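An overview of the molecular structure
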Amino acid sequence: MAMLSIGHVIVPSSLVLAPMAGISDLPFRLINRSFGCELAFTEMISASSLVHGSKNTLKMLSATNDDKPLGVQILGADPEGIKVALDILSGYAFDLIDFNAACPVKKVVSRGEGAALLREPLKLQRLLELMVKKSGKPVTVKIRSGWDETQVNAAEVALRAQDAGVSGLFIHGRTRMQGYSGEVDYRIIGEVKNSLGIPVIAGGDALTPYLVSRLFQETGCDGVSVARGALGNPWIFSETAKYLEGGTVSFRPDLFDITQTMKKHLVLNAVFHGEKTGVVLFRKFFTWYTRGIPVKGLKVSAFRAGTLNEMMQLIDEAQALQAAGDLCLVSRKESLSSSHPPERFGP
Ligand SMILES: Cc1cc2nc3c(=O)[nH]c(=O)nc-3n(C[C@H](O)[C@H](O)[C@H](O)COP(=O)(O)O)c2cc1C
């Protein structure tokens, strides 16, 4: 797979793990890295929460030497707050800084942050200039195709971002109003790619190796970012690498490999968050890892599990279903080859 160069940061793969609020913690990033993810991002970190010293926010900045290169994503719209946030960040080890101009959530856009900045391209340009000047790291920006179908202005926003000195641009090919559903606009991503000299990383429904390769082919982008496609499916990194090199894909590994990975993820969660919180946060991953596998009763029980032992036992029970392997894999294949997200997600 081709490399990505973002400023001085060289990434040996062009497939990137996108930031996801409530998901992209250290355990999640490490699990994906163990299957070939090279560049990952923290979930979005609000500049004002950072300034207020929120304990939860500071925890989001935790990283290890295995978690490199790492991008920190910042959300904000107030230049003074962003300056202070950058001062605080200078005490942390990471490689890139990404600015969020893509978040569609009402609470965020009503503060003029996230995707609201797409409607104020000049303000966004000034904020990015500040980030480039102050951060001392390569800066990237994440945008959407526009605010709504009548304001698809990604090309203008992207040129302004490049003028501001950013080293790379992430684009989710949907408008703010589309949220996380509806068609991804490959055309606008291609237009942005063709008008910029910096790397452009495309996103939107990168759910399977085939859909990742379609994003590459139809947009000519330099990289692709994977978000929902990695939920309970870190294999998307290894399988996509094989697929792009012309190999065949097995869609997902067998149940034994899945349950081994679930156990590793669960233990990482318990170590990082503490047992109680780690188990609670793992509940949704139980469902995602076992998507397409008929373990219905176990999924319900997983949502009640409160201890590491209880969750481990449920994973063992799922593993015992290996005997019904053929049935499992057929339904799993069908659910994973769908070109549409199987569920609605979103913060
Ligand atoms: C649960 C969830 C949380 C997200 N949080 C963030 C975030 O913190 N920052 C961000 O830039 N994008 C966030 N996104 C958007 C994703 O990074 C990605 O751009 C979007 O999901 C499109 O990719 P996909 O269709 O392949 O999932 C989030 C998406 C989901 C589903």
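Bear in mind that the values here come from a model prediction, so they are computed numbers and not experimental data. Per chain, the residues get numbers from 1 upward, laid out in the order the sequence is written. Owing to the predicted nature of the model, reporting of local features is limited to residues with pLDDT of at least 70; listing and counting of side-chain atom pairs is limited to 80 or more, with chain, interface and lining totals taken over all residues. Excluded from the side-chain calculations are hydrogens and water; all other atoms, namely the structure's heavy atoms, are used.

Some remarks on the overall build of the protein chain
The helix and strand tally for the protein chain stands at 15 helices and 10 strands. Every radius of gyration here is taken over C-alpha atoms, with the globule rule written as 2.2 Å times N^0.38, N being the number of residues. Relative to the globule expectation of 20 Å for 347 residues, the C-alpha radius of gyration of the protein chain, 20 Å, shows essentially globular dimensions. Its C-alpha atoms put the protein chain at 60 × 45 × 35 Å along the principal axes. When a residue's accessible area, from a 1.4 Å probe over protein chains only, is under 20% of the maximum for its type it is buried; when over 50% it is exposed; and in between it is partly exposed. Counting across all 347 residues of the protein chain, residues that qualify as buried make up 56%. Should any heavy atoms of two residues lie within 4.5 Å, those residues are counted as being in contact. At a minimum sequence separation of 6, the contacts of the protein chain that also span at least 24 residues come to 69%. Two residue types count as positive, namely Lys and Arg, and two as negative, namely Asp and Glu; His and chain ends fall outside the count. Every charge is mapped to an atom, namely NZ of Lys, CZ of Arg, CG of Asp or CD of Glu. Across the protein chain, the centroid of the 38 positively charged side chains sits 5 Å from that of the 34 negatively charged ones. By the criteria applied, helices consist of DSSP H or I runs no shorter than four residues and strands consist of E runs no shorter than two, each listed in order from the N terminus.

Digging into the nonpolar core
Core analysis: the biggest nonpolar cluster contains 89 residues, and Phe 99, Ile 143 and Leu 169 have the highest contact counts within it. Counting residues per element, this core draws most heavily on helix H12 (residues 275–289), which supplies 6 residues. Those residues in contact with Phe 99, other than ones at most four positions away along the chain, are Ile 74, Gly 76, Ile 82, Leu 117, Leu 124, Leu 127, Leu 128, Met 131, Thr 140, Val 141 and Lys 142. Working definition of a nonpolar core: buried Ala, Val, Leu, Ile, Met, Phe, Trp, Tyr and Cys residues. They are joined through side-chain atoms within 4.5 Å. Counting residues in each nonpolar core, the second largest holds 10 residues, with Leu 4, Val 9, Val 16 and Leu 96 among its members.

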